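# Coordinates in review
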Amino acid sequence: MKLAKLFKSAAVTGGALLVAKGLDNRLETTHYTIASDKIPAEFDGFRIVQISDLHASAVPGLIAEVKNESPDIIVLTGDLVHDRGSFEPGTTLARKLALVSDVYFVTGNHDLKRADYVKFQEALDKTSTVTLHNESVTIEKNGKEITLSGIEDPFSETGTNVTESILNSVNEIKKTDNYHIALFHRANHMDLLCNKGFDLIISGHMHGGQVRLPNGRGVCSPRSSWGSGSPMLFPKYFAGHYTKDGTDMIVSRGIGNPMIIPRLFNRPELTVIILKSENK
C-alpha cells in the first residue's frame with residue numbers, strides 16, 4: 001500500500017510539474033544569426049529585434065528585455081492589436097519602443113480586420129513607427145546600405161484571392177541589389193516569396209503552432225490560414241529558421257494569445273536576428 005501511495009504521489013507531482021511547464025508564459029528571447037556575403041561588413045553584428053502577434057496583450061518586462069538586446073532596429077510583424085477591444089495597448093507599446101530604436105511595422109490580418117483600422121493606423125503613425133505598405137526604406141551605416149521592405153497583409157472582407165493579393169503586393173516593391181529584408185505577417189506563405197528578390201523574410205502569424213510537442217514541433221495552425229492551403233494540424237512553417245531556394249525566413253512564435261486554446265509548451269517569444277557579414 002505504501003508503494004502504491006508513493007507511485008500515486010509521484011504521478012500527481014509529475015503531472016503538476018508538466019502542466020506548470022506547459023503553461024509557462026514567461027517571455028523567452030531567441031537569437032538567430034543570419035550570414036550572407038551580400039551583407040556589408042559595416043552591418044556585421046546588426047541587431048534586429050522582432051515582436052510579432054502581440055494582440056494588444058500586456059507583457060511584463062517586454063520593454064526592459066528589448067532594451068537589453070540593444071537593437072539597431074525593431075520590427076513589428078503584424079497583429080500588434082486584436083480585431084476587437086482597445087488598440088491603445090499596442091500603440092502605447094509602439095510609442096515606448098520608439099524611444100529605444102527605430103520601429104517598423106507591417107499589418108497583420110487582425111490589425112486590418114478592425115472596424116476602426118484607420119483610427120488605429122493614425123494613432124500608430126503618431127508614435128514615430130514607420131508602417132511599410134508595400135514599400136521599402138534604405139538603412140544606411142557608414143556609407144553602406146541594406147533594404148527593408150514591408151508586404152501588406154492580404155486580409156480582405158471582399159474575398160479577394162490571397163495568393164493574388166500577395167503577389168500583387170510583392171510586384172509593387174522595387175527590386176534592389178542590396179541585401180533585402182522583407183517583413184510579412186503570414187509565414188504560411190513562405191513558398192510564394194522565395195525567388196522574389198528577398199534575402200531574408202521576417203514573419204509571424206503561426207503562433208508557434210499554438211500547442212507544441214516536447215520536441216518543439218508546432219501542432220495547430222491559426223484558423224485564418226486554413227483557406228490558403230495550410231493544414232489545420234502540423235503546419236509546414238510554424239517557428240524558427242527556415243531556408244528555401246536561397247531565401248532565409250525567421251518565424252516568431254509571437255507573444256499574445258487570441259485563441260481559446262492556451263499556448264502549451266509555447267512560451268511567448270521575443271526574437272533577435274543578428275546579421276553576419278561574410279565579407280569581413
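All figures in this text were calculated on a predicted structure; none of them were measured in a lab.

Conventions we followed
- Residues numbered from 1 in each chain as written.
- Predicted model: local features only at pLDDT ≥ 70, side-chain atom pairs only at ≥ 80, totals over all residues.
- Heavy atoms only, no water.
- Helix = DSSP H or I, 4+ residues; strand = E, 2+ residues; numbered from the N terminus.
- Buried < 20%, exposed > 50% of the residue type's maximum accessible area, 1.4 Å probe, protein only.
- Areas by Shrake-Rupley, 256 points an atom, 1.4 Å probe, with all protein chains shown as cover.
- Contact = heavy atoms within 4.5 Å.
- Polar contact = N/O pair within 3.5 Å; in protein donor to acceptor, adjacent residues only side chain to side chain.

## What to know about the overall build of the protein chain
Helix and strand counts for the protein chain come out as seven helices and twelve strands. Burial status across the protein chain gives 51% buried among its 280 residues. For the protein chain, the exposed area adds up to about 13,200 Å²; of that, 53% sits on carbon and sulfur atoms.

## Some details on the environment of Thr-107
Mapped onto the secondary structure, Thr-107 falls in the loop between β4 (102–106) and α4 (109–113). The exposure class of Thr-107 is buried, given its relative accessible area of 0%. In this structure Thr-107 touches Gly-78, Leu-112, Tyr-117, Gln-121, His-133, Glu-152, Asp-153 and His-185, once residues within four positions along its chain are discounted. One polar contact links Thr-107 to Glu-152, side chain to side chain, over a distance of 3.1 Å. Polar side-chain contacts of Thr-107 include one of 3.1 Å to the backbone nitrogen of Asp-153.

## Some remarks on unusual backbone geometry
One non-glycine residue with positive phi stands out, namely Asp-79, at about 55°. When you line up the elements, Asp-79 lands in the loop between β3 (73–77) and α3 (88–97). Since its relative accessible area comes to 1%, Asp-79 is described here as buried. The residue Ser-128 is not glycine, and still its phi comes out positive at about 75°. Tracing the sequence through the fold places Ser-128 in the loop between α5 (117–125) and β5 (130–131). Look at Ser-128 and you get exposed, because its relative accessible area is 57%.

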